[in-house]
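Spelled out from the first residue to the last, the chains are:
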Amino acid sequence: MTLSLNDRAKELADRLAAEAEALRVAVTASPGSTRLIDCGSAVLGGLEAGRQFAQICMGGLGWVSFAPVILDGRWLPGLTVVTDRPALACLASQYAGWRLDRDGYFAMASGPGRALIRAEELYDDLEVDERARTAVLCLEAREPPPEAVADHVAERAGVKAADLTLLFAPTASVAGGVQVAARVVETALHKLHELEFDVGRVVSGFGSCPLPPVARTDPEAIGRTNDAVLYGGQVELTVDAGDEELEAIVPRMPASASRDYGEPFGSVLERAGWDFYEIDPLLFSPAEIRLTSVSSGRSFHAGGVDIGVLERSFRG
């Protein structure tokens, strides 16, 4: 693959950094050190910072725009996500699949730098051979990574520390909420992969998701942001597959196919002892899915939004 996810992401990160004051983000870049871009921790950040954060996280192969969503007659602020390279944008880049756990610092890392590190078995199933002299990673975290941790990430990615960009934002921030909601298509792709479907056959993805209100704390925000996708996310995937195959798999796609579906995610997580690995992995998917076959033009639908659970979650 000649298309470099990290090169594309760096161009977008450069634009974000150039507009730091206007977008209320903070850039720290000492000579020879990793560039850190705070999108919502010690600074306010905002909607546009979150939108650009999400597009960087997708390696520049996904586009996010703001739009209201109407769910069962209720108006909610929301966003839409589109991509014509779903496997690369959503799984090779956007998926938060690398646990950065070093010297007491922890964050789930997403973004195209993962494709250089290749610490995840996921890459065995993706046709990606990322090559770049720069690396970009996005962290869902409140604290910036210490210099020693950043140096470790650069070493794992095979780049110099000065050629590494790390963006971060806590979940309980405006930008943090936007970047999680923008994972609505990614969750559908990941669900397909969990169901052992070849995600390389997904031609395009279109998704919408309500924007969760900013929560007081990160644990509360984790609940709200997940609920936005699980109970309000809607995705259509265009797939290179036959009707029988799509008709058989679509009922297993939405979040409602999981045994843990039906109550706010915060309650599910609390019952699981705040251990994500104790939660049914099939829960993490949009509320509503439509799969369309490029060969027949027929569509197959499953799931639906649940405004009741969203209202309970968003009220706090």
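This is a predicted model, so every value here is computed, not measured. (Residues numbered from 1 in each chain as written. Predicted model: local features only at pLDDT ≥ 70, side-chain atom pairs only at ≥ 80, totals over all residues. Heavy atoms only, no water.)

**Q** Break down the packing of aromatic side chains for me, citing the residues and quoting the values.
**A** Tallied over the entire structure, the rule returns four aromatic pairs. Where Phe-265 meets Phe-276, the ring centres are 5.7 Å apart and the plane angle is 40°; that geometry is what we call tilted. With Phe-265 in helix H11 (residues 265–271) and Phe-276 in the loop between H11 and strand E13 (288–293), this pair connects stretches of sequence that are eleven residues apart. Exposure remark for Phe-265: the relative accessible area of 1% places this residue in the buried category. Each member of the aromatic cluster is reached from another via a ring pair, and the members are Phe-265, Phe-276 and Phe-284. (Phe/Tyr/Trp six-rings, centres within 6.5 Å; stacked < 30°, edge-to-face > 60°. Helix = DSSP H or I, 4+ residues; strand = E, 2+ residues; numbered from the N terminus. Buried < 20%, exposed > 50% of the residue type's maximum accessible area, 1.4 Å probe, protein only.)

**Q** Explain the layout of surface pockets residue by residue, including any values.
**A** The space that makes up the largest pocket amounts to roughly 1400 Å³. Lining the largest pocket are 40 residues, and of these Tyr-95, Ala-96, Met-108, Phe-276 and Phe-284 lie nearest its centre. Residue assignment for the lining of the largest pocket shows that the elements contributing at least two residues are strand E8 (105–110), helix H8 (184–194) and helix H9 (218–232). Taken together, the residues that form the lining of the largest pocket break down as 21 nonpolar, eight polar and eleven charged. (1 Å grid on protein atoms, 1.4 Å probe; cavity = no way out; pocket = protein on both sides within 12 Å on 5 of 7 lines; lining within 4 Å. Points joined across faces, edges and corners; volume = space filled by probe spheres on them. Nonpolar A, V, L, I, M, F, W, Y, C, P; charged D, E, K, R; others polar.)

**Q** Which residues make up the side chain of Thr-134, and what are the values?
**A** By secondary structure assignment, the location of Thr-134 is in the loop between helix H5 (114–117) and strand E9 (135–140). Looking at Thr-134, the relative accessible area reads 7%, which means it is buried. Within polar-contact distance, the side chain of Thr-134 engages the backbone oxygen of Asp-163 at 2.8 Å. Among all residues touching Thr-134, those that are not within four sequence positions of it are Asn-6, Asp-7, Lys-10, Leu-116, Val-159 and Asp-163. (Polar contact = N/O pair within 3.5 Å; in protein donor to acceptor, adjacent residues only side chain to side chain. Contact = heavy atoms within 4.5 Å.)

**Q** Could you give me a rundown of unusual backbone geometry, with the residues and numbers involved?
**A** Positive phi values are uncommon outside glycine, yet Arg-24 reaches one of about 60°. Among the secondary structure elements, Arg-24 is positioned in the loop between helix H2 (20–23) and strand E1 (26–28). Its identity as a non-glycine residue notwithstanding, Arg-118 has a phi of 50°, on the positive side. If you trace the backbone, Arg-118 turns up in the loop between H5 and E9. Owing to a relative accessible area of 37%, Arg-118 belongs among the partly exposed residues under this scheme.

**Q** Quick one: what's the story with helix H6 (residues 147–157), residue by residue and with numbers?
**A** Turning to H6, its buried residues number three or more, namely Val-149, Ala-150, His-152, Val-153, Ala-154 and Ala-157. Looking at the buried positions of H6, the neighbouring elements they touch are strand E7 (98–102), E8, H5, E9 and strand E10 (164–169). Once H6 finishes, Gly-158 follows within two positions and takes phi at roughly 75°, a positive value.

**Q** Got a sec to walk through the sheet that holds strand E3 (residues 63–66)? Specific residues and values, please.
**A** Adjacent strands of a sheet form backbone hydrogen bonds with each other and so pair up, either parallel or antiparallel. Taking strand neighbours across the sheet as the criterion, the six strands line up as E3-E6-E11-E12-E13-E14 in an open arrangement whose pairing is mixed. One side of each edge strand has no neighbouring strand; the edge strands of this open sheet are E3 and strand E14 (299–303). Going across the sheet, the axis of each strand differs from the next one's by a mean of 15°, ignoring polarity. (Pairing = 2+ DSSP bridges. Axes fitted to C-alpha atoms, helices over the stretch in contact; angles between N-to-C directions.)

**Q** Hey, could you go over the environment of Arg-118 for me, with residue numbers and the actual values?
**A** Counting along the chain gives 84 residues from Arg-118 to Val-202, while the straight-line C-alpha distance between them is 22 Å. Apart from the residues lying within four places of it in its own chain, the contact partners of Arg-118 are Tyr-123 and Val-128. Within polar-contact distance, the side chain of Arg-118 engages the backbone oxygen of Val-128 at 3.0 Å.

This is a description of form; function is not addressed.
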